[in-house]
Amino acid sequence: MNVFGVDIGGSGIKGAPVDLDRGDLADERYKVLTPHPATPDVVADRVKEVIDHFGWSGPVGVTYPGVVTDGTTRTAANVDPAWKDVDAQGLLRERLGGLPVTVLNDADAAGVAEMTFGAGRGRTGTVMVLTFGTGIGSAVFTGGRLLTNTELGHLELGGHEAEKRASTRAKEDEGLNWEQWGRRVRKYLAHLEMLFSPELFVIGGGVSRKAEKFLPHLTGIRAEIVPAHLQNNAGIVGAAMAARAAVEGA
Ligand code: BGC
């Protein structure tokens, strides 16, 4: 079965039909740039552009880089403040001509995809899927079940918000090399380990493609640390999974 997945990110809005039997994209993904300012209305138009590119009509799952409860976006750390308390699901459904739309947090989507098709498959202990990008997203699982909207990128570490120090944006903005960035990530993981004792950390986001560069610096952590298998497509796959679950549960 194919369902459409869209990932709204700080730099791009990308989407593709997803083959939910294989847990992979069914077609090459299509990406448009995130507009600036990224207000709900303009972003909704771009999401429509991505979907129209494939002539898709069917259920659509959409990730959002902030807290989402019942289809309403609650926070806006790295997007336009106008997203606070917006019925994003309703807005997108209306913009997409009434297609069934499900909106969820981006890291939660990536986490669900990794647990089903990727690096967390079959793991029943506590698993933390972390996505490194403009911010740091988190998805926490135990017994395979997700605790939604955990927001652990905003934990305070050494007087700073963790994502301001250890996201890949921080790496780029401060010109950190892999070792310098890796040291910050290690400190962050050690803190999470002290609080949650996970058996596994899955490192997602674009950096998952460069695991050999940073894994050697993540020493002294008891939990296993692995790169995400679905890499940057995990959000799209997880969004489509959530949309199917919503349609089936309806
Ligand atoms: C947001 C999270 C999001 C993460 C990754 C954080 O700033 O608060 O909701 O999952 O960035 O995009």
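Bear in mind that the values here come from a model prediction, so they are computed numbers and not experimental data.

What counts, and where the lines are drawn
For every chain, the first residue of the written sequence is number 1, and numbering continues from 1 onward in sequence order. Predicted model: local features are reported for residues with pLDDT of at least 70 only, side-chain atom pairs are reported and counted for 80 or more only, and whole-chain, interface and lining totals are derived from all residues. Side-chain metrics in this entry use all non-hydrogen atoms of the structure; hydrogen atoms and water are not considered. These domain boundaries are the output of an automatic or database domain assignment. A simple way to read buried area is as the amount of 1.4 Å-probe accessible surface that goes missing from two parts once joined, with both sides added. The rule for a salt bridge is simple: a side-chain nitrogen of Lys or Arg has to be within 4 Å of a carboxyl oxygen of Asp or Glu. Think of a polar contact as two N or O atoms within 3.5 Å of one another; within protein, one of them needs to be a possible hydrogen donor and the other a possible acceptor, and neighboring residues in sequence only count if both atoms come from side chains. Between any two strands, at least two bridges found by DSSP are needed for them to pair. Helical segments are the DSSP runs of H or I of at least four residues, strand segments are the runs of E of at least two, and each set is numbered from the N terminus. Interaxial angles span 0 to 180 degrees and are taken between N-to-C directions of axes, which are lines fitted to C-alpha atoms, for helices over the stretch in contact. The contact rule is simple, with two residues in contact once any of their heavy atoms fall within 4.5 Å. We call Phe, Tyr and Trp rings a pair once their centres come within 6.5 Å, taking the six-membered ring for Trp, and we label the pair stacked below 30 degrees between planes, edge-to-face above 60, and tilted otherwise. Relative accessible area decides the class of each residue, using a 1.4 Å probe on protein chains only: under 20% of the type maximum gives buried, over 50% gives exposed, and in between gives partly exposed. Lysine and arginine charges are scored as sitting over a ring when NZ or CZ, respectively, is within 6 Å of the ring centre and within 35 degrees of the ring normal. Neighbouring residues are identified by heavy atoms, a residue being near a molecule or strand if any of them is within 4 Å of it. Only Asp, Glu, Lys and Arg are considered charged, only Ala, Val, Leu, Ile, Met, Phe, Trp, Tyr, Cys and Pro nonpolar, and every remaining residue, Gly among them, polar.

A. Summary view of the domain arrangement of the protein chain. Partitioning the protein chain into domains gives domain 1 (2-108 + 233-248) and domain 2 (121-228). Just the C-alpha atoms count here: the centres of domain 1 and domain 2 sit 24 Å apart. Between domain 1 and domain 2, a total of about 840 Å² is buried, with carbon and sulfur atoms accounting for 45% of that surface. Of all residues in domain 1, the largest losses of buried area upon contact with domain 2 belong to Asn-78, Ala-107 and Asp-108, amounting jointly to 60% of the total for that side. At the junction of domain 1 with domain 2, the criterion picks out 0 salt bridges. Our enumeration of links across domain 1 and domain 2 arrives at 2 residue pairs in polar contact (both at pLDDT 80 or more).

B. Region of the structure containing the sheet that holds strand β11 (residues 136-142). Overall, mixed pairing links the 5 strands, which are arranged β12-β11-β10-β15-β16 in an open sheet. The strands lining the two open edges of the sheet, one partner per strand, are β12 (145-147) and β16 (224-227). Going across the sheet, the axis of each strand differs from the next one's by a mean of 25°, ignoring polarity. For β11 and β12, the ladder comprises 3 bridges, and the chain directions are antiparallel. If you follow Val-140 over to β12, its bridge partner there is Leu-147. Along the sheet, helix α3 (residues 106-117) contacts β10 (127-132), β11, β12 and β15 (200-204); its crossing angle with β11, the most-contacted strand, is approximately 45°.

C. A look at the packing of aromatic side chains. This structure, assessed with the given rule, holds 7 aromatic pairs. Considering the side-chain rings of Phe-132 and Trp-181, the 5.7 Å spacing of their centres and the 80° angle between planes classify their relative orientation as edge-to-face. One end of the pair, Phe-132, is in strand β10; the other, Trp-181, is in helix α6 (residues 178-196), with 49 residues separating them in the sequence. For Phe-132, a relative accessible area of 3% gives the class buried. These aromatic residues form a ring-pair network of at least three members: Phe-132, Trp-178, Trp-181 and Phe-214. The ring of Trp-178 is capped by Lys-171, whose NZ or CZ atom sits 4.2 Å from the centre of that ring.

D. Highlighting the pairing of strand β9 (residues 101-105). The buried fraction of β9 is high, at 5 of 5 residues. In the sheet, strand β5 (residues 60-64) pairs with β9 via 5 bridges, with the strands oriented parallel. By the bridge assignment for β9, Thr-63 is matched with Leu-104.

E. Seen up close, the sheet that holds strand β8 (residues 86-87). Read across the open sheet, the 3 strands follow the order β6-β7-β8; overall the sheet is antiparallel. The sheet is open, and its two borders are formed by β6 (68-69) and β8, each paired with just one other strand. Two strands pair when backbone bridges link them, and strand β7 (residues 72-73) and β8 are joined in this way by 2 bridges, in the antiparallel orientation. When the sheet's bridge partners are listed, Thr-72 is paired in β8 with Asp-87.

F. A look at the site of the ligand. In the vicinity of the ligand there are 14 residues, among which Asn-105, Asp-106, Glu-151, His-154 and Glu-163 approach most closely. Gly-66 places a main-chain nitrogen or oxygen 3.3 Å from an oxygen atom of the ligand. A distance of 3.1 Å separates an oxygen atom of the ligand from a polar atom in the side chain of Asn-78. Looking at side-chain class alone, the shell around the ligand contains 5 nonpolar, 6 polar and 3 charged residues. Residues from two domains meet in the shell around the ligand; each of domain 1 (2-108 + 233-248) and domain 2 (121-228) gives at least three.

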